[in-house]
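# What the coordinates show
Spelled out, the chains give:
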Amino acid sequence: MTKDKKRKSKPMDASLDLGASVTVDFDSCSGAVARAPLPETPIKEPSHKKGRNDDDGDEDLHSPLAMMIITSLKSVINERADILDKGIEEVKVSVEFLAEEIKDVKGNVERVDKRVTNAERRICDLESKVQDLSRYKRRWNLRLHGLPEQPGENVRQKVLDICEAVVPTFAGKSHELIDVVHRLGKVRSDDTLPSGKKKQPRGIILQFTMRYFRDALWKAAKNSPYLATHHLRFTEDLSPEDRVQRNKLWPLVERARQQGHRAYFVGPKAYIDVYLESLLKGTLPSSMTQGVINLIPKPQKDPAQLENWRPISLLNNDYKILAMIFAKRIKCVLDNIIDDFQSGFMKDRLIANNIRLVLDILDYSDMIPDDGFLFFLDFYKAFDSVEFPFILKSLNIFGFGPNFINAIQTLYNNANASIKLQHGTTHRFNIERGIRQGCPISPYLFLLPMQLLAIHIQNSNLKGISVTNQSI
């Protein structure tokens, strides 16, 4: 057997060393390339990575050490949770306590505020009463200014002589009429005066035993030639508050006097006789004749139509006060002039009564034996449709005096108005007809022409409806 055959008969060792050489007999392969088979590489599975849930991990978690740590952590967590819950409860209790305390404090503050408000109100009332008492006490007093000071002077006797010279009827009894006489303030030396300022004599206060004699001296002193010759003057004894109030009102009084009005003071109040002068002249000041018409839309009406707006006149307060005076006077006699069927603007009368009467007539029409009809009359722009001369004639017909009629005419003489717009007002225009909505006396003036119309209807051939032998 040749070596090749022996080599072929030998089985291939599976454990062939990869590093051994391989001999190939190219002659025996008859030109073909013969290669020895390579040994197979054993396949090794990759190692398995242990996860958290693997048995080994479970074994680690269930180990005594792990269980002891977990138990310890649980106890610590539970302990901390108990402490936290306890703290939360304590905080909750504290918050509720503080809320109650705040509520109590708030209630106390409100009570204190009410008490403070009441105390302030009482203090204001007491201060007002003190001022009134002081003002009332000062009504018995007068002050004299301009009498020179002399050392060791008998100021009381000097003042009595002056009072007797101003009011001769005081002669021989002025010492009984005047109770207290003394100079005001402390004696001032020349050193206390500013440089260049002349020393002025201190004023003198006079307190009378009776208010009558004080008023008599005050009235006579206003036009006394004796006081003018000796450069003396009497003034009212005003409190500091009244003096401040008078200083504020003085420009108004001075302007009124320049305009020819009679203006005067009574205590801290100023009075200007504008009303009496206006009624005598028959015309009001320009500020009282002016008005501003504010257009108010009627509800559920087309605002594009002019008749769907109510013209309300905004008038001067001085005008409204004067008109209110005459309105209250005319109200006293309207019950004797206006019939019962007129219920508008009348005291203790309701417009609903007339509506109820019409509805009752319709419901009980079968009880009316005669034929009849209902006549419904609606005045279009009622206040604007009445001619003012006819209102004056109505006043005369119903017996109002000439002074009252002249006063009403004064209210409407030279009346003018402007219309309020979104931005500003229109130019002023004179009111030639009607009465103004917004004037206190306008509703009562409107009733008089309506009463004349009712009288005219009653005197016509129209007869009222008879229901159960009663004429309506």
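Structure: see above.
What you see as residue numbers is a count from 1 along each chain, following the sequence as written. In view of the model being predicted, local features appear only for residues whose pLDDT reaches at least 70, and side-chain atom pairs are presented and counted only at 80 or more, with totals across whole chains, interfaces and linings using the full set of residues. Hydrogen atoms and water are omitted, and side-chain values are computed over all heavy atoms in the structure.

## A short note on a negative patch on the surface
Patch definition: residues above 30% relative accessible area lacking any salt bridge, with like charges linked at up to 9 Å and the nonpolar side chains Val, Leu, Ile, Met, Phe, Trp and Tyr linked at up to 5 Å. In this description, accessible areas are obtained by the Shrake-Rupley approach with a 1.4 Å probe, and a residue is regarded as covered only by the protein chains that are shown. Take a side-chain nitrogen of Lys or Arg and a carboxyl oxygen of Asp or Glu: if they are within 4 Å of each other, that pair is a salt bridge. Neither His nor the chain termini are counted; the positive set is Lys and Arg, and the negative set is Asp and Glu. Lysine's charge is taken at NZ, arginine's at CZ, aspartate's at CG and glutamate's at CD. Taken together, E79, D82, D85, E89, E90, E96, E100, E101 and D104 make up a surface patch of like negative charges. Helix and strand labels come from DSSP, where a helix needs a run of H or I of at least four residues and a strand needs a run of E of at least two; each type is numbered from the N terminus. The residue E101 is located in helix α3 (residues 64-138) in this model. Of the residues examined, E101 reaches a relative accessible area of 35% and is grouped as partly exposed. Buried, partly exposed and exposed residues are distinguished by accessible area as a fraction of the type maximum, computed with a 1.4 Å probe on protein chains only: under 20%, between the cut-offs, and over 50%, respectively.

## Brief notes about the packing of aromatic side chains
Between the rings of Phe, Tyr and Trp (Trp by its six-membered ring), a pair exists once the centres lie within 6.5 Å; its type follows the angle of the planes, with under 30 degrees stacked, over 60 edge-to-face, and the other angles tilted. Within this structure, the stated rule accounts for 8 aromatic pairs. Between F170 and F213 the ring centres are 5.9 Å apart and the planes differ by 75°, which places this aromatic pair in the edge-to-face class. Here the residue F170 occupies a position in the loop between α4 (155-166) and α5 (174-177), and F213 occupies one in helix α6 (residues 211-221), the gap between them amounting to 43 residues. Of the residues examined, F170 reaches a relative accessible area of 3% and is grouped as buried. Among the residues examined, F213 registers a relative accessible area of 14% and is labelled buried. Arranged with centres 4.7 Å apart and planes meeting at 35°, the rings of F388 and Y412 form a pair that is tilted. Of this pair, F388 sits in helix α14 (residues 388-397) while Y412 sits in helix α15 (residues 402-412), and the two are 24 residues apart along the sequence. Here the aromatic residues F170, Y212 and F213 are joined through ring pairs into a cluster of three or more.

## Quick look at the sheet that holds strand β8 (residues 309-315)
In sheet architecture, strand pairing relies on hydrogen bonds along the backbone and comes in two forms, parallel and antiparallel. Taken in spatial order, the 4 strands line up as β8-β7-β9-β10 in an open sheet, and their pairing is mixed. Both edges of this open sheet fall to β8 and β10 (429-430), since each of them pairs with a single strand only. Being paired, for any two strands, means DSSP has found at least two bridges between them.

## Describing the environment of A415
Relative to the elements of secondary structure, A415 occurs in the loop between α15 and β9 (416-419). The class of A415 is buried, set by a relative accessible area of 4%. On a C-alpha basis, the gap between A415 and Q290 in space is 6.3 Å, while along the polypeptide they are 125 residues apart. Beyond its immediate sequence surroundings of up to four residues, A415 is in contact with T289, F429, N430, I431 and R436. Whether two residues touch is decided by their heavy atoms; if any such pair falls within 4.5 Å, the residues are in contact.

## Observations concerning the pattern of salt bridges
A complete count under the given rule lists 13 salt bridges for this structure. Of the charged contacts, one joins R211 and D215 as a salt bridge, the two residues approaching to 3.2 Å between their closest N and O atoms. A residue pair is termed a helical-turn pair when its members lie 3 or 4 positions apart in one helix, as R211 and D215 do in helix α6 at 4 residues. Relative accessible area serves as the criterion here: at 30%, R211 is assigned to the partly exposed category.

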